[in-house]
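Take a look at the letters that make up each chain.
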Amino acid sequence: MSTVVGLIVGAALIFIIIYINTLNRKREIGILKAIGISPGSIIISYFFISLFYVISGVGLGLVLFLAVAFTYGQIL
């Protein structure tokens, strides 16, 4: 049960970070639109940034989990 709650909190935290980052980059997005970059391209770039955050978080979480599990002998 606590794992599910932790995953939900982690997902919400990542969403909030990405949302705040997007709000702070409104000016940059406006400049990109002004020079002719399509809104779809901007959305795709933010999608890949989000994907990077997710992959990095999962990787770091897996490394930390395995480090703790091997340290205390609770795996395999």
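The rules behind these values
Residues numbered from 1 in each chain as written. Predicted model: local features only at pLDDT ≥ 70, side-chain atom pairs only at ≥ 80, totals over all residues. Heavy atoms only, no water. Patch = residues over 30% accessible without salt bridge, like charges linked within 9 Å, V, L, I, M, F, W, Y side chains within 5 Å. Areas by Shrake-Rupley, 256 points an atom, 1.4 Å probe, with all protein chains shown as cover. Salt bridge = Lys/Arg side-chain N within 4 Å of Asp/Glu carboxyl O. Helix = DSSP H or I, 4+ residues; strand = E, 2+ residues; numbered from the N terminus. Phe/Tyr/Trp six-rings, centres within 6.5 Å; stacked < 30°, edge-to-face > 60°. Buried < 20%, exposed > 50% of the residue type's maximum accessible area, 1.4 Å probe, protein only.

Q: Pulling in residues and values, what's your account of a nonpolar patch on the surface?
A: A cluster of nonpolar side chains, contributed by Leu13, Ile14, Ile17, Phe52, Tyr53, Val54 and Val58, occupies part of the molecular surface with about 620 Å² of accessible area. Looking at the nonpolar patch, the elements with two or more residues in it are helix H1 (2-24) and helix H3 (39-71). Counting residues per element, the nonpolar patch draws most heavily on H3, which supplies four residues. Mapped onto the secondary structure, isoleucine 17 falls in helix H1.

Q: How would you summarise the packing of aromatic side chains if you had to cite specific residues and measurements?
A: Tallied over the entire structure, the rule returns three aromatic pairs. Consider the rings of phenylalanine 15 and tyrosine 19, whose centres lie 6.1 Å apart with planes at 20°: the pair is stacked. Within this pair, phenylalanine 15 and its partner tyrosine 19 are both found in helix H1, separated by four residues, close to a single helical turn. The class of phenylalanine 15 is exposed, set by a relative accessible area of 57%. The exposure class of tyrosine 19 is partly exposed, given its relative accessible area of 47%.

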